[in-house]
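Descriptive analysis of the structure
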Amino acid sequence: MLTGPGGAPGDAKATPYLSTQFNERQARFSPDGRFVAYTSDSSGTTEVYVQTFPDPKVGTRVQLSQGGGQLPHWRRDGKELFYLVPGPGGRMMSVEVTLTPQFRALIPKVLFQAPAGPNSFDVTSDGQKFIRLATSASADLPPTPITVVLNWTAGLKK
């Protein structure tokens, strides 16, 4: 279930945006706030969809991915949407979109192969650079420690 705004300004109550028997997740607002890209397993496979916001009944739900998709990310200007096709043969996909006067999407295209591994990524606002977690070549290696330094500015005064 995805939740939307709840009534009057300042009202902190969440209300359902979509409430179905399926798993709707990974929602992302379009830059203009008029659409939501999200994933749903309503077809039997997790796919990427776009639907109007705040009322999903106003527009048509558009399926962007074919054969699986997750983690939708909008380019800052709203002219492109990226998503990941997970698994062994995984791919980073791009779909050119138009938000006005109504939502339209072209056919998704493969940007590059995305090796199996952690399924998280981010993209720069211009859609030209991607960052994704990498896994070690061997599962036998111990995890790399991370050091977090708190109050580090206090050490500058010494």
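The structure we're discussing is the one just above.
A brief report on the enclosed structure follows. All of these numbers come straight from a predicted model, not from anything done at the bench.

1. Here's the deal with the environment of Val 36
Along the chain, the position of Val 36 falls in strand β4 (residues 35-40). Measuring from C-alpha to C-alpha, the distance between Val 36 and Thr 52 comes to 6.3 Å, with 16 residues separating the pair along the chain. Here Val 36 is in contact with Tyr 17, Ala 27, Arg 28, Phe 29, Tyr 49, Val 50, Gln 51 and Phe 53, once residues within four sequence places are set aside.

2. Here's the deal with the pattern of salt bridges
Tallied over the entire structure, the rule returns four salt bridges. The salt bridge partner of Asp 77 is Arg 75, with a shortest N-O separation of 2.8 Å. For Asp 77, a relative accessible area of 44% translates into the label partly exposed. By relative accessible area, Arg 75 is classed as buried at 16%. Between Lys 109 and Glu 96 there is a salt bridge, with its nearest N and O atoms 3.6 Å apart. Placement of Lys 109 in strand β11 (residues 109-113) and of Glu 96 in strand β9 (residues 91-98) is noted, with a sequence separation of 13 residues between them. Under the relative-accessibility criterion, Lys 109 is labelled partly exposed at 40%. Judged by relative accessible area, which is 40%, Glu 96 ranks as partly exposed. Among the ionic contacts, a cluster of salt bridges with common partners joins Arg 75, Asp 77 and Glu 80.

3. Thoughts on a nonpolar patch on the surface
The grouping of Ile 146, Val 148 and Leu 150 at the surface amounts to a nonpolar patch, some 410 Å² of accessible area in total. Judged by its relative accessible area of 76%, Ile 146 is exposed.

4. Topic: the sheet that holds strand β5 (residues 47-52)
The sheet built from four strands is open, its strands ordered β3-β4-β5-β6 with antiparallel pairing. Each end of this open sheet is capped by a strand with a single partner; those strands are β3 (24-29) and β6 (62-63). One ladder, built from four bridges, connects β3 with β4; its direction is antiparallel. Looking at the pairing, Phe 29 lines up with Val 36 of β4.

5. Focus on the nonpolar core
Judged by nonpolar contacts, the single largest core of 14 residues is most densely connected at Val 50, Leu 64, Trp 74, Leu 81 and Phe 103. Mapped by element, the contributors of at least two residues to this core are β4, β5, β8 (80-85) and β9. The residues touching Val 50, leaving out its near neighbours within four places in the chain, are Phe 35, Val 36, Ala 37, Thr 60, Arg 61, Val 62, Leu 64, Trp 74, Leu 81 and Phe 103. Judged by nonpolar contacts, the second largest core, of seven residues, contains Leu 84, Ala 114, Phe 121 and Val 123.

6. A few points about the pairing of β4
Counting buried residues in β4 gives six out of six residues, a clear majority hidden from the surface. Burial along β4 is two-sided: Phe 35, Ala 37 and Thr 39 and Val 36, Tyr 38 and Ser 40, pointing in opposite directions, are all buried. The turn linking β3 back onto β4 is made up of five residues, and Gly 33 within it adopts a positive phi angle of 75°. Of the pairings in the sheet, the one linking β4 to β5 comprises six bridges and is antiparallel in character. Bridge pairing links Ser 40 to Glu 47 in β5. Where β4 folds back onto β5 in an antiparallel hairpin, the turn is made up of six residues, including Gly 44, whose phi is positive at roughly 100°.

Calculation criteria
- Residues numbered from 1 in each chain as written.
- Predicted model: local features only at pLDDT ≥ 70, side-chain atom pairs only at ≥ 80, totals over all residues.
- Heavy atoms only, no water.
- Helix = DSSP H or I, 4+ residues; strand = E, 2+ residues; numbered from the N terminus.
- Contact = heavy atoms within 4.5 Å.
- Salt bridge = Lys/Arg side-chain N within 4 Å of Asp/Glu carboxyl O.
- Buried < 20%, exposed > 50% of the residue type's maximum accessible area, 1.4 Å probe, protein only.
- Patch = residues over 30% accessible without salt bridge, like charges linked within 9 Å, V, L, I, M, F, W, Y side chains within 5 Å.
- Areas by Shrake-Rupley, 256 points an atom, 1.4 Å probe, with all protein chains shown as cover.
- Pairing = 2+ DSSP bridges.
- Core = buried A, V, L, I, M, F, W, Y, C linked by side-chain atoms within 4.5 Å.

Treat this as a map of the structure, not an account of what it does.
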